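For reference, the chains in residue letters:
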Amino acid sequence: MTTHAPQAGQSVTLPTTLNEAVAALTDMPAAVPVAGGTDLMAAVNSGQLRPAALVGLGRISEIRGWQYQDGNALLGAGLTHARMGRPDFAALIPALAAAARAAGPPHIRNAGTLGGNIATAAPTGDALPVLAALEATLIIAGPGGSRREIPVSHLLAGVEMLRAGELIGFVRVPLLHAPQVFLKATGRTGPGRSAASVALVLDPARRGVRCAVGAIAPMPLRPLEAEQWVARLIDWDNDRALVPEALAAFGEYVAAACIPDPAPEPDGSVPTLPPAVLHLRRTVAALARRALGRALS
């Protein structure tokens, strides 16, 4: 769970099943679940959080692997970034594996988990734009053995929240068997931390392109109009051909959708974006252009 010792008087529960973990959280409403602890312990060490009790999830084997289910991959919330970065997983969901490998230094990748990345919902979480682009679904474990499903985008946007005693148990990801790409640009905010990221997946069965931009807003952004526009330009019957000019235009379309120009002033003049914001918009455009180019190559 963590290399840090619990505080005096702090109880620690170590369930071995998902239902036991839910029961422990139900019995102790003030308890905080912890798996890798990469975000939780940072909050504890900075004094932002003082949990009265911990429910450790590290011994729950059922959420540490994955299985196939009706054309989907059912991923356990306890999968670590290191495990998702391995070649066998990369063959299954390449963009998520790439995001896992980019999640930080080895000690972070070895400890941090998929479920923790989702539950923390930090804007810079590398898995989040990939899951948004893949339109993943969360399977939530609740009291009494109950299970409910919500789109990952609903949780990240605050449309649906985890209820008391609930845990993210699994993540259902459609297996598209088509190219998918994750790219990120890092800034000065920390080693490996995203300044902007782009996840892009092709869906040949529906002749669609799905793109999500991470790190620039509280949740991943989907430029839906840009997706639909470029999907109509791709020659899906001829090796997914696309003219080079459309690649550049797609990048600009995505960037403008995610970082729009300021609203006009009352006198009709249009303010310019600050230089740092303009640089971020150029970064997003470059990432989106490169991601689509790699997916189509």
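Up top you'll find the structure we're talking about.
Keep in mind that what you see is a predicted model, and the values were worked out from it rather than measured.

Asks: Mind laying out the environment of S197, listing which residues take part and the relevant values?
Replies: Examined against the element boundaries, S197 turns out to sit in strand β10 (residues 194-203). Owing to a relative accessible area of 2%, S197 belongs among the buried residues under this scheme. Measuring from C-alpha to C-alpha, the distance between S197 and A53 comes to 35 Å, with 144 residues separating the pair along the chain.

Asks: Residue-level account of the nonpolar core, with values.
Replies: Grouped together as the largest cluster of nonpolar side chains are 72 residues, with contacts concentrated most on L75, I93 and I118. The element contributing the most residues to this core is helix α12 (residues 275-296), with eight residues. Among residues more than four places away in sequence, those in contact with I93 are A73, L75, L134, V173, L175 and Q180. By size, the runner-up hydrophobic cluster in this structure holds 16 residues, among which are L18, A21, L57 and I63.

Asks: Can you tell me about the packing of helix α11 (residues 244-258) against α12, naming the residues and giving the values?
Replies: Running from N to C, α11 and α12 point in directions that differ by 135 degrees, and their axes come no closer than 7 Å. As far as their axial angle goes, α12 and α11 are oblique. By crossing handedness, the relation of α11 to α12 is classed as right-handed. On α12, the residues touching L247, A248, F250, G251, E252, V254, A255 and A256 of α11 are R281, V284, A285, A288, R289, L292, G293 and L296. Considered class by class, the residues forming the contact of α11 with α12 number eleven nonpolar, two polar and three charged.

Asks: Help me get a handle on the pattern of salt bridges, residues and values and all.
Replies: A side chain of one charge can pair with a side chain of the opposite charge if their charged atoms are brought near each other. Scanning all chains against the criterion turns up 13 salt bridges. Between R206 and E135 there is a salt bridge, with its nearest N and O atoms 3.7 Å apart. Of this pair, R206 sits in the loop between β10 and β11 (208-214) while E135 sits in the loop between α8 (127-134) and β6 (137-141), and the two are 71 residues apart along the sequence. When its relative accessible area of 59% is taken as the criterion, R206 is described as exposed. Note that R281 and D261 form a salt bridge whose closest N and O atoms lie 2.9 Å from each other. Note that R281 is positioned in helix α12 and D261 in the loop between α11 and α12, a separation of 20 residues in sequence. Judged by its relative accessible area of 17%, R281 falls in the buried class. Bridged by salt links that share partners, the residues E135, D203, R206, R210, R222 and E227 form one connected network.

Asks: Any details on the pairing of strand β3 (residues 53-56)? Residues and values, ideally.
Replies: By the alternation rule, side chains of β3 split into A53 and V55 and L54 and G56, which are all buried. The sheet contact formed by strand β2 (residues 31-34) and β3 spans four bridges and is parallel. By the bridge assignment, P33 is partnered in β3 with V55.

Asks: Explain the sheet that holds β10 residue by residue, including any values.
Replies: Sheet architecture is open: three strands sit in the order β9-β10-β11, paired in antiparallel fashion. On the outer flanks of this sheet lie β9 (180-186) and β11, each paired with one strand and no other. Averaged over all pairs of adjacent strands, the angle between strand axes in this sheet comes to 10 degrees, irrespective of strand direction. Examined bridge by bridge, β9 and β10 share seven bridges and lie antiparallel to one another. Opposite F182, over in β10, you have A199 as the bridge partner. Strands β9, β10 and β11 of the sheet are contacted by α12, whose axis makes an angle of about 30 degrees with β10.

Asks: Can you explain the pairing of β10? Please cite residues and give values.
Replies: With nine of ten residues buried, β10 is to be regarded as a mostly interior element. Pairing geometry for β10 and β11, over seven bridges, is antiparallel. Within β11, the position partnered with D203 by the bridge is G208. Taken together, β10 and the strand that follows it, β11, pair antiparallel across an intervening segment of four residues, in which R207 is found at a positive phi of about 50 degrees.

The rules behind these values
Residues numbered from 1 in each chain as written. Predicted model: local features only at pLDDT ≥ 70, side-chain atom pairs only at ≥ 80, totals over all residues. Heavy atoms only, no water. Helix = DSSP H or I, 4+ residues; strand = E, 2+ residues; numbered from the N terminus. Buried < 20%, exposed > 50% of the residue type's maximum accessible area, 1.4 Å probe, protein only. Core = buried A, V, L, I, M, F, W, Y, C linked by side-chain atoms within 4.5 Å. Contact = heavy atoms within 4.5 Å. Axes fitted to C-alpha atoms, helices over the stretch in contact; angles between N-to-C directions. Parallel < 35°, antiparallel > 145°, perpendicular 65-115°, else oblique. Left-handed = near helix turned anticlockwise from the far one by under 90°. Nonpolar A, V, L, I, M, F, W, Y, C, P; charged D, E, K, R; others polar. Salt bridge = Lys/Arg side-chain N within 4 Å of Asp/Glu carboxyl O. Pairing = 2+ DSSP bridges.

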